[in-house]
Amino acid sequence: FLHAFTNVQYAYVFIQDITITNCVGNLGGGLSGQLSLFLQNTRWINNSADRGGAIYLAGGRVYLTSERNQFINNTAFFSGGAIEATNQSIVAMSSGYFFNGNSARGRPSNIFVADPSESWVFFPHARQPPEPITYPSNSSVVPVVPFPFA
């Protein structure tokens, strides 16, 4: 398949109980756009793109809201094996995430924050972030912040 969802703009999207698999795209193999995205019980498996193997977020928010959001074996040629966040994006995770086998440039990569002075990753205070989270090497800002989710 080519993109499952492509270039979604200025929308609030709730995706639940779905598997996005084997999708290919330039920006985001499974989904790309500028939106607020709420994920619950989703599986993103074997998707690929130049940037953001599963999801490319060009401004907006991704909320992983349940225990069963999985990103498995997604690949990006350049950056963001599972998710790439750019242009003032936020990736906010409750306890609902599982990342395994995602890669970019042949190296482990789950989330790439393109400009950490503008885009952020929030994760529950009680859990470790889904390493590796990467960002440009010339950045002095660390975009990964513990957030006290209930």
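Provided above is the structure to which this section pertains.
In this report, the structure presented in the accompanying data block is examined.

Parameters at a glance
Residues numbered from 1 in each chain as written. Predicted model: local features only at pLDDT ≥ 70, side-chain atom pairs only at ≥ 80, totals over all residues. Heavy atoms only, no water. Helix = DSSP H or I, 4+ residues; strand = E, 2+ residues; numbered from the N terminus. Pairing = 2+ DSSP bridges. Phe/Tyr/Trp six-rings, centres within 6.5 Å; stacked < 30°, edge-to-face > 60°.

**Describing unusual backbone geometry**
Phi is positive for Asp17, which is not a glycine, with a value near 55 degrees. Topologically, Asp17 is positioned in strand β1 (residues 5–21). Residues other than glycine seldom take positive phi values, yet Asn41 does so here, at roughly 55 degrees. Inspection of the secondary structure puts Asn41 in strand β3 (residues 31–45).

**Let's talk about the sheet that holds strand β4 (residues 48–51)**
Read across the sheet, five strands follow the order β2-β4-β7-β10-β11 without closing on themselves; strand pairing throughout is mixed. The sheet is open, and its two edges are formed by β2 (24–27) and β11 (107–108), each paired on a single side. Strand direction decides the pairing type here: strand β7 (residues 75–79) and strand β10 (residues 103–104), joined by two bridges, are parallel. Note on β10: the bridge partner recorded for Ala76 is Ala104.

**A few points about the packing of aromatic side chains**
Within this structure, the stated rule accounts for four aromatic pairs. Ring geometry for Trp44 against Phe71: centres 6.1 Å apart, planes inclined by 5 degrees, an arrangement best described as stacked. Taken together, the residues span a long stretch of sequence, with Trp44 in strand β3 and Phe71 in strand β6 (residues 70–72) at a distance of 27 residues. Members of the aromatic cluster, joined through ring pairs, are Trp44, Phe71 and Phe99.

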